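Structural overview for review
This is what each chain is made of:
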Amino acid sequence: KNSIIINGINSATALVVADTTGGAGYFNNITVQNNSVQLSLYGCFINAAPVTGNGSGTLVTGNDMNTAGANSIRQVGIFAQGTDGITVSNNNIANIVNANAESPRGIWLGNGVSNATVSGNTISDLSLTNTGAFALTGIMLTGSTGTNMNISNNTISNLSNSGTTLSFAGILTFTPNTNITNNTVSGLTQVASAAYWGIVSSGNTSANMSGNTISGLTTAGTGTSSGLNVQGLSTGVNIFGNKISNV
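Right, let's walk through the structure included here. Fair warning: this is a prediction, and the values are worked out from it, not measured in the lab.

What about the pairing of strand 9 (residues 84-89)?
Burial analysis of strand 9 places five of its six residues in the buried class, which makes it a mostly covered element. In this sheet, strand 9 lies alongside strand 6 (residues 58-61) in parallel orientation, the contact comprising four bridges. Bridging across to strand 9, Thr58 finds its partner in Ile86. Taken together, the five bridges between strand 9 and strand 13 (residues 114-119) define a ladder with parallel strand orientation.

Now the structure itself:
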């Protein structure tokens, strides 16, 4: 808590919650709060063994990962996998400008995550200039399983993407049982000639997508934009009360 963490190089991660080798660990009630994290590959990397109850009570809140220039975060603001009970809230992630052959993400929840809340975060001014098969995403959930997943009240703005992979979006989830509510996504610019989305959900089940505001999706090339999209084997997804403009 309450620390300024400046890593020595941006090819390694400054703040890691895992076992002693960086592999999947066993832990509960971890709090990462009110820190400034700079000059790091990932701002915060959390790796839990995907066992029921493991990683419960994990809280990542109120951290700044928004330093611009040489001390900026390189690839991912906050990453977690394997946790059963994590809250990522009220973090400020910004100024990731990446020309490398990699896909930057503001917040990324990976395999084995359940009972997760991503809420109140501000993600802005992220840019990928590499023109290869990569893409930038504001908030991304990639786990194929998950229960009680909630993405709410986040603000995502000013994202620019030159990569060609079909994952440029303000919010992108492949995880079932994920509610996406009351988020604001604006100012996405697609430089590449590829489709992109304000909010897109694939393989979702038994979930609500409501109260989101999506605006200002701009295409510099020939890529097509969608404000809100549900695709894949999605069932029982309720879509209502969203506001979409200028896409």
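What about the nonpolar core?
Residues Ile46, Ile78, Ile107, Leu109, Ile139 and Ile171 are the most contacted members of the largest nonpolar core, which totals 45 residues. Contacts of Ile78, omitting those with residues within four sequence positions, involve Cys44, Val60, Met65, Val88, Asn91, Ile93, Gly106, Ile107 and Trp108.

A few points about the sheet that holds strand 25 (residues 235-240)
In space, the eight strands of this open sheet follow the order 3-6-9-13-16-19-22-25, with parallel pairing throughout. If you trace the sheet from one side to the other, it starts and ends with strand 3 (31-33) and strand 25, each paired once. The average undirected angle you get between the axes of adjacent strands in this sheet is 5 degrees. Bridge count between strand 16 (residues 149-152) and strand 19 (residues 178-181): four bridges; the pairing is parallel. The residue of strand 19 that forms the bridge with Met149 is Thr178.

With respect to the packing of aromatic side chains
Under the counting rule described, the total for this entry stands at five aromatic pairs. Connected via pairs of aromatic rings, a cluster forms that spans Tyr42, Phe45, Phe79 and Trp108. Note that Arg105 overlies the ring of Trp108, its terminal NZ or CZ placed 4.2 Å from the centroid.

So, unusual backbone geometry
Although it is not a glycine, Asn34 sits at a positive phi angle of roughly 60 degrees. Tracing the backbone through its elements, the reader meets Asn34 in the loop between strand 3 and strand 4 (36-38). The exposure class assigned to Asn34 is partly exposed, which follows from its relative accessible area of 45%. In this model, Asn115 sits at a positive phi of 50 degrees, which is unusual for a non-glycine residue. By secondary structure assignment, the location of Asn115 is in strand 13. For Asn115, a relative accessible area of 31% gives the class partly exposed.

Rules and cut-offs
Note on numbering: residues in each chain are counted from 1, in written sequence order. Note on the predicted model: pLDDT of at least 70 is required for a residue's local features to be given, and 80 or more for side-chain atom pairs to be given and counted; whole-chain, interface and lining totals, by contrast, use all residues. Excluding hydrogens and water, the side-chain figures rest on all heavy atoms present in the structure. Three exposure classes are used, based on accessible area relative to the maximum for each residue type with a 1.4 Å probe and protein chains only: buried under 20%, partly exposed in between, and exposed over 50%. Starting at the N terminus, helices and strands are each numbered in turn, a helix being any DSSP run of H or I of at least four residues and a strand any DSSP run of E of at least two. In short, DSSP must find at least two bridges between two strands for them to pair. As used here, the term nonpolar core means buried Ala, Val, Leu, Ile, Met, Phe, Trp, Tyr and Cys residues forming a set that is joined through side-chain atoms within 4.5 Å. In this description, contact between two residues means that some pair of their heavy atoms is separated by no more than 4.5 Å. Angles shown run from 0 to 180 degrees and are taken between the N-to-C directions of axes, each axis being a line fitted to C-alpha atoms and, for helices, limited to the stretch in contact. Two rings from Phe, Tyr or Trp (for Trp, the six-membered ring) form a pair when their centres are within 6.5 Å of each other. A pair whose planes differ by under 30 degrees is stacked, one over 60 is edge-to-face, and the rest are tilted. We call a charge positioned above a ring when the Lys NZ or Arg CZ atom is no farther than 6 Å from the ring centre and deviates by at most 35 degrees from the ring normal.

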